[in-house]
Structure formats: C-alpha cells, structure tokens
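Inside the fold
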Amino acid sequence: MEVQIEESWKLALADEFDKPYFVRLVSFLHQEKASGAKIFPPGKQIFKAFELTPVDKVKAVILGQDPYHGYGQAEGLSFSVPENVPPPPSLRNIFTEIENDLGIRMSGYPHLEKWARQGVLLLNAVLTVRAGAPASHSSIGWTEFTDAVIRYISDNLDGVVFLLWGNFARSKKPLIDTSRHYVLEAAHPSPLARGAFFGCRHFSKTNRLLEAQGKTPIDWQL
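So, here is what we can say about the structure in this document. This is a predicted model, so every value here is computed, not measured.

What follows is about helix α4 (residues 89-102). The terminal C-alpha atoms of α4, which comprises 14 residues, lie 20 Å apart, in line with the 20 Å expected from a rise of 1.5 Å per residue. Along α4, the residues that are buried comprise S90, L91, N93, I94, F95, E97, I98 and D101. G103, located one to two residues past α4, shows a positive phi value of around 70 degrees.

Taken N-terminus to C-terminus, the directions of helix α2 (residues 20-34) and helix α6 (residues 142-156) make an angle of 130 degrees; their axes are 9 Å apart at the nearest point. Looking at the two axes, α2 sits oblique to α6. Seen along the crossing, α2 lies across α6 with a hand that is left-handed. Here Y21, F22, L25 and L29 of α2 come into contact with α6, specifically with W142, E144 and F145.

Below, the discussion takes up the pairing of strand β3 (residues 120-124). Burial runs high along β3: five of the five residues are buried. Here β3 shows two buried faces, one formed by V120, L122 and N124 and the other by L121 and L123. In the sheet, strand β2 (residues 60-64) pairs with β3 via five bridges, with the strands oriented parallel. Residue L63 lies in a different strand from β3, and its bridge partner there is L123.

What counts, and where the lines are drawn
All residue numbers refer to position in the chain's written sequence, counted from 1. Per-residue local features of the predicted model are confined to residues with pLDDT of at least 70, and side-chain atom pairs are confined, for both listing and counting, to 80 or more; whole-chain, interface and lining totals are unaffected and use all residues. Hydrogens and water molecules were not included; the side-chain quantities draw on all heavy atoms of the structure. Under the scheme used here, helices are H or I runs from DSSP no shorter than 4 residues and strands are E runs no shorter than 2 residues, and both carry numbers assigned from the N terminus. A helix is expected to span 1.5 Å for every residue after the first. Whether a residue is buried, partly exposed or exposed follows from its accessible area with a 1.4 Å probe, protein chains only, as a fraction of its type maximum: under 20%, in between, or over 50%, in that order. Each axis is a line fitted through C-alpha atoms, and for a helix only the stretch in contact is used; angles between axes span 0 to 180 degrees, taken between their N-to-C directions. Every angle not falling under 35 degrees, over 145, or within 65 to 115 is termed oblique; those three ranges are roughly parallel, roughly antiparallel and roughly perpendicular. Each crossing is labelled by how the near helix is turned from the far one, with a counterclockwise turn of less than a right angle marking it left-handed and a clockwise turn marking it right-handed. Every residue pair with non-hydrogen atoms within 4.5 Å of one another is taken to be in contact. Any two strands between which DSSP finds at least two bridges are classified as paired.

Set out below in structure tokens:
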C-alpha cells in the first residue's frame, strides 16, 4: 500500500503498511470521508511529525494521545497548534514548566515545529480524530501503528529520551528498552491533573541526558 510518509520512516515501517490492521484503518478513513465526516488533522498533515523529524534525527519523543478535535487546532504534532491559534491549556502548562525549569521566557507561540526540527518527535498515539468527537478514532488501528514506531525507535536507535506524561503515555513504557534509552515520567500537563505536572523539570533533564551523550541539547524557547 502506498502511504505518503517521509522516506526514512517509509523504509523503517514498510512492513506495517500491508498488514491487515493498516489496510482496515485506511479503508475506515476513506469511509469516514465519503460519509461527509470532517477529520482532523487535514490529510496532508496526518504524518507531519514524521516529515519534520526523520528517523536518524530523533533525539527525544513527546507522546500525546490523540489530535485536538476542535476546528483549526490539530496539525499532526502532539500538543502543537498553528501559530494563529491560542495555546490550549495543556500547552500553556508545558510553557509554564519550561519557564520555571529553564529560567527562560516563553512567547506563548503555540506552533512546535522548532522542536520537531531539532529532533523531538511529537507523536500522537492516534493520528486522526473526527471533528468534535475526542478519541473517536482511538480503536481503528492507529495505536498498533504508533506502537510499531516506538518499538522501531527502541530497537534501532540509542539514547533517545522518551517523555511520558500521564497514564496513557506511561502505558507505552514496556515498548521501550530502558537499557538503551531514557524514560522520563510525569503527570499529564492537563489542568485536570491539578498541577501535578509542575516541577518535573523534564526539559532540563532531557538536555542533560543529551549532552552527556555528546548530542546537541534542544533549544526549547519559542
């Protein structure tokens, strides 16, 4: 099956695209579109995280659950929204933690492409959603695909820092070889976590882990 995805990821994940679950997934999305349902993000942005962060550039992974379901928000990068959209509450809390952790001032600019281009794979476990219906595509096969992504990184790269926020993201830890990689766990940045995310200092910790390997740290400032 021909899938429009960045070339290094296309090669890395080639076995996935012809598996029955992925064929069913694509068929489901075609049926959704044919029924008139609005799907986010737009088709060309579904694999945007892979486009901006090729396999050999991955230094860290920030795992989200599924895309924003409001109009104009989802753009294929976990937690990110387009530059003309106000940052959602979870992203505002992420910015607050960065400011407190690193002692820098965040502009509130909500588009996280700068992080992705530095090697932060902004991966949602589910890559599409029906407008206004959170988690509506959570059982169509995307988690099998993104689990394969996590396993590929775990098996083929070294020293990647995985930032797992909240119970859903933490449930992916068994997919990661912790003898080869680093896992940082915290509460979800959502306000529903009642501030438990604050103080995790994951951004400075990530950079220390990268620097210890001789890798360039992430410039988190936006």
